[in-house]
Amino acid sequence: MSAYLHKVFAIVAKDLTTEVRSREMLSSMGAFAVLVIFVFAFAFDLRAARSGTTIVAPGVLWVVITFAGMLGLNRSLAAEFDRGSFDGLRLSPIDRSAIFVGKALGNFVFMSAVEAIVLPLFVVFFNLPFLKPLILLSVVLGTIGFAGVGTLLAAMSASTRLRDVLLPILMLPVALPALLAAVKCTAGALDDAPFELWGHWLALLTAYDLALVGLAFLTFDFIVEE
Amino acid sequence: MIQVTGLVKQFGPLVALRDLDFSVAPGEFVSLMGPNGAGKTTLLRILATLSRPTRGAVSIAGHVLPKGADDARRQIGFLSHQPLLYGELSAEENLRFFAQLYDLNGIERRVDELLEQVDLAERRRDRVRTFSRGMQQRLSIARVLLHDPRVVLLDEPFTGLDPDASDRLAGMLRRLHDGQRAVVMTTHDFDRGLALCDRALVIARGQLAYAARRDEISAAGFRETYSRVTRQ
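Here the structure is a predicted model, which means the values were calculated and not measured. Residue positions are counted from 1 within each chain, in the order its sequence is given. Naming scheme: in the order in which they are written, chains are lettered from A and ligands are numbered from 1. At least 70 in pLDDT is required for a residue's local features to be given in this predicted model, at least 80 for side-chain atom pairs to be given and counted, and no such filter applies to totals for whole chains, interfaces and linings, which use all residues.

K.L.:
Sorry, what's going on with the overall build of chain B here?
P.N.:
A run of H or I in DSSP becomes a helix once it reaches four residues, and a run of E becomes a strand once it reaches two; helices and strands are each numbered from the N terminus. Along the backbone of chain B there are eight helices and 10 strands. For a compact globule the rule gives 2.2 Å times the number of residues to the power 0.38, and the radius of gyration it is set against comes from C-alpha atoms. For a compact globule of 232 residues, the expected C-alpha radius of gyration is about 17 Å, and chain B comes in at 18 Å, within 12% of that figure. Dimensions of chain B, computed from C-alpha atoms along their principal axes, come out at roughly 50 × 40 × 35 Å. Contact between residues is assigned whenever the C-beta positions, reconstructed from backbone atoms, fall within 7 Å. Residue pairs in contact within chain B that sit at least 24 positions apart in sequence constitute 68% of those at least 6 positions apart.

And the structure:
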């Protein structure tokens, strides 16, 4: 087990070091996320009643996270395929699931880094208390599901010519339950609604993470086999 | 060390390899030649466990593929067309990363040793993206040898190298020919291929078209035979 984790962390460390030096993924994800927030901030009338903004804001947050995340997921696997280094990983005597966990953890960290920029911007632009513990929990759970499933689907699409189009086409229907649940959780926590009214969405989000990320973990070997 | 029997590889309707049989003994250096699209790279990728055969049996160092692929990978070093390295990592970081994946002991000592061997010790902290093609190829050789594999697979290692870099690489490949490892190298360079090998194989249209021991063939005779068997 420790050897397995050692390899997983070697892959995560490699991805982080590569990204810190190239800043390819984080800069594009971050710039995209900030621009989308600007567009939404100007597109919606923020002078509207606070309740109106509250209705819109959770959805906007998850639109930003979803599309910025997809941008990063695409780059994360496409870069490995383009330079052939994914074969280097596949040649190594490691369990394929370790590659999946390593890449998914890396993607989780990158998405979290973007969310760390996005959430304070939402506080500023929408003037809403987005930095609540339950909202952060929803964001973490949503990001786990998104990074896990997205890593599998990005691996599927990365070797195709249509990967830029294919990933959203594959990803959005599969991620829809998680997105819906994440939006409902964020809205419930933002409105300070009683937990009984939206707790089942948090349960759905957790179940989604366990089921879909588990499925991705088990099928990655099959997906990356040529 | 390598045993291939009745190997068939199909990509949809396209048959890339047809009923291929051959073996490579420990310590033997085999040069595999053939025109583009003959199936050389497909064969090497199957031997490297990167691709599954459609039919037939492949055994590497006693491990039958695909079932024994995980164990076989510990015995295989594969040099691909691409360097399989990370441009943003330094030479030593690349080797250290792959050494971790191979669970090697004494990683630092092994990395130092290999960087010395491939003449990159002075550039060890430089990022690989700043390296020339020849330097990247030398570092790739170090990656291939990191875990001291018993089977070395080289896919057109001289492609894109200038004459000096090619000579340097040839010297390194000669050192691989140490009587222990089985080496299979695909190449379009007849002179290099024949100079390094114990046995030359020609593959055409996915089939083994010609095989001869090095001491049975002359360079001129090989060219003529190659033209004949690949045109048929």
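This is not the end of the story, as more comes after the structure.
K.L.:
Explain the overall build of chain A to me, please; I cannot follow it from the model alone.
P.N.:
For chain A, the helix and strand inventory stands at eight helices and zero strands. Its helices and strands in sequence order give chain A the pattern α-α-α-α-α-α-α-α, from N to C terminus. Residues with at least 20 neighbouring C-beta atoms inside 10 Å of their own are called buried, those with 12 or fewer are called exposed, and the rest are partly exposed, where every C-beta is derived from the backbone. For chain A, buried positions account for 47% of its 226 residues.

K.L.:
I'm lost on the pairing of strand β3 (residues 29–33) of chain B in this one. Help?
P.N.:
Consecutive side chains of a regular strand alternate in pointing toward one face of the sheet and then the other. All names here are of chain B. A large share of β3 lies buried, amounting to five of its five residues. Neither face of β3 is exposed, since Phe29, Ser31 and Met33 on one face and Val30 and Leu32 on the opposite face are all buried. When β3 meets strand β8 (residues 182–186), the two strands line up parallel, connected through four bridges. Directly across from leucine 32, in β8, lies its bridge partner threonine 186. Strands were regarded as paired on the criterion that DSSP finds at least two bridges between them. With four bridges joining them, β3 and strand β9 (residues 199–204) adopt parallel strand pairing. Within β9, the residue paired with methionine 33 across the bridge is valine 202.

K.L.:
Can you help me understand the interface of chain A and chain B in this one?
P.N.:
Interface size is commonly expressed as the accessible surface area that is lost when the partners come together. With 21 residues of chain A at the contact, the number on the chain B side is 22 residues. Of all the elements in the fold, those that place two or more residues in the side of chain A that touches chain B are α1 (2–22) and α4 (85–91) of chain A. It is α1(A) that provides the largest number of residues to the side of chain A that touches chain B, a total of nine residues.

K.L.:
Explain α1(A) here, please?
P.N.:
All names here are of chain A. Here a helix's expected span is defined as the number of its residues, less one, multiplied by 1.5 Å. In a regular helix each residue adds 1.5 Å, so 21 residues correspond to 30 Å; α1 covers 30 Å between its end C-alpha atoms and thus fits that length. Every buried residue of α1 is accounted for by Lys7, Val8, Ala10, Ile11, Lys14, Asp15, Thr18 and Glu19. Down the axis of α1, the buried side of the element spans an arc of 155°, and every buried residue falls inside it. Exposed and facing more than 90 degrees away from the buried side of α1 are Ser2, Leu5 and Val20. Arginine 23 occupies a position one or two residues after α1 and carries a positive phi of about 55°. This arc describes the spread of directions from the helix axis toward the C-beta atoms.

K.L.:
Can you help me understand unusual backbone geometry in this one?
P.N.:
What is expected of a backbone is that most residues other than glycine have negative phi and most peptide bonds are trans. Residue Leu65(B) is joined to Pro66(B) through a cis peptide bond whose omega torsion reads 0°. Mapping Pro66(B) onto the fold places it in the loop between β5 (63–65) and α2 (69–73). Residues other than glycine seldom take positive phi values, yet Asp192(A) does so here, at roughly 55°. Tracing the backbone through its elements, the reader meets Asp192(A) in the loop between α7 (163–190) and α8 (195–224). Unlike most non-glycine residues, Glu156(B) shows phi in positive territory, near 45°. Mapped onto the elements, Glu156(B) comes out in the loop between β7 (151–155) and α6 (163–176). Its 18 C-beta neighbours within 10 Å are what place Glu156(B) among the partly exposed residues.

K.L.:
Explanation requested: the nonpolar core in the structure shown.
P.N.:
Generally speaking, a soluble globular protein has its nonpolar side chains buried in company with each other. Each nonpolar core consists of buried Ala, Val, Leu, Ile, Met, Phe, Trp, Tyr and Cys residues. Their C-beta atoms, within 7 Å, join them into a set. Counting 140 residues, the largest nonpolar core has Ile2(B), Leu47(B), Leu139(B), Ala142(B), Leu153(B) and Val184(B) as its most contacted members. Setting aside anything within four residues of it in sequence, one finds Ile2(B) in contact with Ser23(B), Val24(B), Leu47(B), Ile60(B), Val151(B), Ala182(B) and Val184(B).

K.L.:
Sorry if this is basic, but what is going on with the sheet that holds strand β10 (residues 207–213) of chain B here?
P.N.:
Hydrogen bonds between backbone groups are what pair the strands of a sheet, and the pairing can be parallel or antiparallel. Residues and elements named next belong to chain B. Reading across from one edge, β6-β7-β8-β3-β9-β10 is the order of the six strands in this open sheet, with mixed pairing throughout. The strands lining the two open edges of the sheet, one partner per strand, are β6 (76–79) and β10. Going from strand to strand, the sheet's axes swing by 15° on average, the running direction of each strand aside. For every element, the axis is a line fit to its C-alpha atoms; helices are fit only across the contacting stretch, and the angle between N-to-C directions ranges from 0 to 180 degrees. Packing against the sheet, helix α5 (residues 133–145) makes contact with β6 and β7, and its axis sits at approximately 165° to β6.

K.L.:
It is not clear to me how the sheet that holds strand β1 (residues 2–11) of chain B should be interpreted in this structure. Could you clarify?
P.N.:
Residue and element names in this part refer to chain B. Pairing within the open sheet is antiparallel, and its four strands lie in the order β2-β1-β4-β5. Looking at the sheet topology across the chains shown, the edges are occupied by β2 (14–24) and β5. Adjacent strand axes in the sheet meet at a mean angle of 25°, parallel and antiparallel pairs treated alike. Direction of pairing for strand β4 (residues 55–60) relative to β5: antiparallel, over a ladder of three bridges. What sits directly across from isoleucine 60, in β5, is histidine 63.

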